[in-house]
Amino acid sequence: MNTNKHNPFKLSPRGLLMLAVAAANSAVHAQEQPPENVQQVQPSEAETEIIEVRGYRGSLFNSAAAKRESQGFVDEVFADDIGKMPSQNLAESLSRIPGVKINREVTGEGQQISVRGLGPSFTKIALNGNAIAIASDGSLGSGNRNREVDLDIFPTELFSSLAVSKTATAHQLEGGVSGYVNMRTARPFDSTNQTFKYSLEGAYGDLRGEISPRYSAVYSKTFDDKFGVLVGVAGANTKSRVDGYEAVALFTDGCVAQWDNPQHTSSGCIEGSEGLNHFFWNPEATADYAGSHDGVSVGDPIDPVATSGVAAETLDTALLPYLGRPMFTYGTRDRVSGIVSLQYRPTDGIDAALDMMYAKASKDFVRTEAMWWGRRNYLHQGGAIIPENVTVNDNGYVTEGTFYNSHIWVGSHDYQEDVDFYSVMPSVSWIVNDVFKVDVSASLTKSEFDRDEPYVLYMSPGGTLEFSNGDVPSFNFSENPADPAIGWTWQQEYDQNQDGVISEDEKFGDTFRIQRNHRETETKGVHLDFAYGESPEYSGFKFGLAWDESSSNMDAFGGTAEFTQNNVVNSAAYNNFSDYLGPSLVNDLGTGISGYNGYTGIAQVDWARIKDATDYANFSAIPSQGDQFGATVGDINEDVLALYLEANAETEIGGRLLRVNTGVRWVSTEQSVATSQSQTTASYNKLLPSMSLVYDVLEDVKLRASASRSLTRANPSDMFPNASWGGSGIESVNAGNPYLSPFEATNFDLGGEWYFSELGYVGLTYFEKEVTGFTRSDSLTVTFSDLVEYGIDINDIGDDRQQALLECGGPSQCTTTVNTRNNIDGATTLSGFEAVWVQPLDVVIEGMGFNISATSIRQDASDDDAIITGISDLSYNGTLFYENDVFQTRVTVYHQDGAASYYSQGKEVFSFDRTQVDLSASYNLPLAMDMTLTLDAYNLTNEPVGNWHEYEGIAFNAFYPGATYTLGLRGSF
């Protein structure tokens with residue numbers, strides 16, 4: 001499907017009506033002047049930034065003032081003073097805005113944001129009005145493949161305001177179906193004369209039990225009200241630990257095993273077994289089973305159905321976690337960010353600025369996971385297990401049981417990550433005369449990310465495992481997995497021919513995986529904006545053009561087979577692997593996990609010694625078509641040209657002021673998508689109309705309405721033209737489609753606010769968003785030999801896949817599922833309500849108050865493939881605060897209902913309900929200098945980040961970051 005042939009503008013009947021109304025309002029009102037008895041309100045941006053109300057209350061005051069004077073549906077968060085935004089980074093700062101949801105890293109820290117239900121890729125993030133991209137790779141165990149922007153690299157101390165527009169206007173950069181977020185960095189003329197602000201903090205994580213330092217400093221000075229300079233830096237050295245549990249990809253069932261040949265070198269399922277059959281029940285007594293049952297000898301035939309205590313049909317389809325594994329991460333993250341802002345105002349009509357930012361973050365940590373070997377644990381590899389006293393719930397999941405001949409398969413990752421970002425953004429604002437203004441800006445951002453993630457795997461001897469399900473499953477093993485001396489081997493070793501010698505063909509599984517990723521992003525832009533009218537924000541025209549270019553280049557590197565053959569085999573560690581193990585990095589694994597009752601440590605590979613033994617530092621990784629997550633890598637370049645026209649007018653209806661903003665944006669997009677093997681291009685044009693109305697029903701009551709058309713370009717991860725493997729086996733291949741159309745939305749909002757005091761107000765908004773452009777995952781089953789048609793080299797598939805190919809009968813017999821995506825004709829309508837209430841309680845206690853916001857969303861999809869995942873039916877946050885001249889405190893509660901995250905094996909994986917409680921307090925020290933003692937506590941109740949698999953109570957993954965307590969000192973002079 002070629003996007004060049006698409007109609008550049010397609011609207012529903014409501015959309016056509018919206019465009020007609022917008023055009024009519026533009027023609028009728030653009031040149032109208034407000035009646036003489038209607039007072040024009042001047043632009044409020046500068047006013048809201050200099051109001052002298054300090055503390056958290058001051059931030060709320062400025063936000064309320066900005067919202068009151070805004071056109072459309074806009075919310076802003078202001079930094080009233082250095083470090084006083086109520087969060088650890090910008091993602092968390094935005095969370096108090098109605099309709100904004102945080103996507104959190106496994107550490108619990110906010111990382112990305114979603115607006116009105118749609119995912120992070122659907123929100124356009126801008127820095128000082130310019131497009132940006134960050135090359136960072138998202139949360140642990142995943143990768144940023146689309147248009148997400150990680151915000152955890154940006155500290156709050158270097159920003160002055162964050163604005164979220166939930167409906168589009170013509171002058172804003174397109175790209176956000178769900179919303180537009182502009183992050184404004186601090187500038188010299190935000191304050192007057194000379195200031196120096198600083199903070200020094202120490203954060204204590206109760207899981208890690210160590211102090212992590214944080215710091216910031218911002219110096220600003222203006223000279224003769226003409227020139228100003230601001231320099232700021234903020235950084236942190238975070239020592240982290242996260243305990244958790246996860247399964248891999250799906251829950252699965254097994255089958256009773258049998259030998260496939262007389263030589264006992266091949267095994268499979270008994271005839272008639274149904275289900276997924278990813279693991280195997282053992283029909284022969286193992287050593288630990290024989291030792292626990294009188295009269296039974298090793299090798300005696302047994303009936304796994306009888307030992308399990310459940311019916312054959314139940315056992316055949318009973319679900320266990322696929323490589324279920326308790327895990328932990330342990331390490332450090334360093335982050336430092338800096339800004340330089342120069343501002344020049346030679347006359348009252350010229351304001352020139354140069355804003356520069358640099359940010360760098362690095363991670364050095366180990367992730368260790370102890371998996372229950374339940375994937376292709378063949379009888380002929382000595383891995384099949386014997387079930388006993390198994391309990392299966394009504395939904396088919398195993399809830400407890402005893403399993404003999406279980407092996408703990410440990411995987412340890414050694415992460416070395418580096419990401420850097422810099423931006424240069426010059427701009428000039430020139431008031432030419434009383435009715436004409438010109439704004440010119442340019443931008444350049446670059447970001448680079450590198451991850452080196454070697455992965456070592458090792459196997460315990462067989463033993464007895466007691467399994468029980470709770471909030472997360474518990475695994476109690478007969479040997480202590482934290483003990484490095486229980487007989488660990490680098491691979492599973494099984495003496496098939498019983499000759500007392502383990503030969504090379506009697507070793508099974510990977511030893512050492514090479515996993516390296518590199519990513520670069522770059523954005524360039526030039527924007528010309530013109531305004532005509534004495535007060536064009538209220539009565540006049542805006543028009544302009546924008547050129548933006550963005551690129552994202554992703555590379556992956558492997559070479560596992562080559563490294564294994566040349567560096568691992570015959571290395572000093574190969575036949576003496578247990579000598580390279582040490583004690584667990586933690587000895588209390590799971591103490592923060594609700595209901596966990598499993599092993600408390602995992603024997604840890606000595607990474608320095610194992611790298612030295614295998615000469616890891618001198619191995620040149622080999623470029624790969626896909627990364628370790630099974631996703632294709634490549635390059636995407638987009639060249640965008642946009643023109644817009646926007647009109648603002650004020651008039652009087654019924655003696656009350658009506659403000660109208662209407663406009664249209666035309667945008668042309670050219671895309672180039674390339675991999676190492678092919679390249680494709682596509683282009684399309686779109687017309688994006690918008691209209692907003694604000695009517696003063698009463699002096700302090702505002703009624704708002706808006707309609708707009710918006711777009712988000714297709715997901716880059718769906719567009720790469722060639723294919724990659726979908727996992728470590730031969731079961732699936734993922735293939736992209738470079739001709740996907742963009743997502744488009746028709747948006748309607750109706751709402752308003754009542755401002756009953758300078759600080760207090762209540763607001764309610766109803767919104768509706770019809771989204772098209774969703775893609776369907778089309779799956780085709782093809783013979784393995786036909787995969788060459790999809791760009792797969794079937795002659796170079798690695799040892800694991802080669803083994804799987806042999807076991808299922810070879811290239812002409814084995815089949816593979818090819819997964820790709822195509823646009824569907826269906827649409828999804830999102831609708832819901834947003835409510836906000838800011839209430840001072842001075843009549844009760846002077847300085848007390850609260851603010852609450854809540855969002856409810858529902859969706860109606862015309863096609864099952866257009867159902868949007870990740871939407872919480874209800875989310876809310878609330879803060880109770882108290883302030884006086886010397887003391888401030890506040891308690892904040894964030895809540896998000898669980899939501900369908902994605903689907904695994906056709907079954908829903910949905911996130912936990914999550915309620916986080918934070919506490920902040922500060923005390924102004926009685927010193928001559930302005931100095932404040934601060935105390936912050938995050939995630940007081942150790943709320944986990946995780947997902948259920950199909951049913952609540954069946955954990956798919958869960959990560960417990962613990963609580964963090966921060967004590968600090970802030971000041972200014």
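Because the structure is a prediction, the values reported are computed rather than measured. (Residues numbered from 1 in each chain as written. Predicted model: local features only at pLDDT ≥ 70, side-chain atom pairs only at ≥ 80, totals over all residues. Heavy atoms only, no water.)

All right, on to the overall build of the protein then. Within the protein, the regular secondary structure consists of 10 helices and 53 strands. Counting only residues that meet the buried cut, the protein has 58% of its 973 residues in that class. Considering only residue pairs separated by 6 or more positions, the protein has 73% of its internal contacts joining residues 24 or more positions apart. With 62 positive and 130 negative side-chain charges, the protein shows a spacing of 8 Å between the two charge centroids. (Helix = DSSP H or I, 4+ residues; strand = E, 2+ residues; numbered from the N terminus. Buried < 20%, exposed > 50% of the residue type's maximum accessible area, 1.4 Å probe, protein only. Contact = heavy atoms within 4.5 Å. Lys, Arg positive; Asp, Glu negative; His and termini not counted. Charge placed at Lys NZ, Arg CZ, Asp CG, Glu CD.)

Looking along a regular strand, one sees side chains alternate from face to face of the sheet. With 11 bridges joining them, strand β8 (residues 194-205) and strand β9 (residues 211-223) adopt antiparallel strand pairing. By the bridge assignment, Q194 is partnered in β9 with K221. Remark: five residues form the turn of the hairpin made by β8 and β9, two consecutive strands paired antiparallel; G209 in that turn has positive phi of roughly 75°. Examined bridge by bridge, β8 and strand β53 (residues 964-972) share nine bridges and lie antiparallel to one another. Looking at β53, one finds that Y198 is bridged to G971. (Pairing = 2+ DSSP bridges.)

Counting 63 residues, the largest nonpolar core has F403, W490 and F512 as the members making the most contacts within it. Ignoring sequence-local partners within four residues, the contact set of F512 consists of P454, Y455, V456, W490, T560, F563, T564, V568, W607, T614 and Y616. A91, L230, A234 and V419 belong to the second largest nonpolar core, which has 35 residues in total. (Core = buried A, V, L, I, M, F, W, Y, C linked by side-chain atoms within 4.5 Å.)

It is worth spelling out helix α3 (residues 55-69) at this point. In this model α3 runs 22 Å from its N-terminal to its C-terminal C-alpha over 15 residues, within 8% of the 21 Å that 1.5 Å per residue would give. Of all 15 residues that make up α3, 12 are buried, and the element is covered over most of its length. (Expected span 1.5 Å × (residues − 1).)

One can find N277 in the loop between β13 (267-269) and β14 (279-281). Here N277 falls in the buried class, since its relative accessible area comes to 19%. Looking at N277, its side chain comes within polar contact range of the side chain of S273, at 3.3 Å. Once residues lying within four places of it in the same chain are set aside, the contact partners of N277 are D253, G254, C255, C269 and D316. (Polar contact = N/O pair within 3.5 Å; in protein donor to acceptor, adjacent residues only side chain to side chain.)

A few words now on the pairing of strand β12 (residues 254-259). Both β12 and β14 contribute to a ladder of three bridges, which runs parallel. Bridging from a neighbouring strand, C255 pairs with F280 of β14.

Below, the discussion takes up the confidence of the model for the protein. With 91% of its residues at a pLDDT of 70 or more, the protein has an overall mean of 87. Under a pLDDT of 50 for its full length, residues 1-53 has, in the predicted model, 92 contacts with residues more than four places off or in other chains. (pLDDT = per-residue confidence, 0-100.)

Before going further, it helps to spend a moment on a negative patch on the surface. Together, D418, E448, D450, E520 and D555 give the surface a local cluster of negative charge. Residue position: E448 is located in strand β21 (residues 436-452). (Patch = residues over 30% accessible without salt bridge, like charges linked within 9 Å, V, L, I, M, F, W, Y side chains within 5 Å. Areas by Shrake-Rupley, 256 points an atom, 1.4 Å probe, with all protein chains shown as cover. Salt bridge = Lys/Arg side-chain N within 4 Å of Asp/Glu carboxyl O.)

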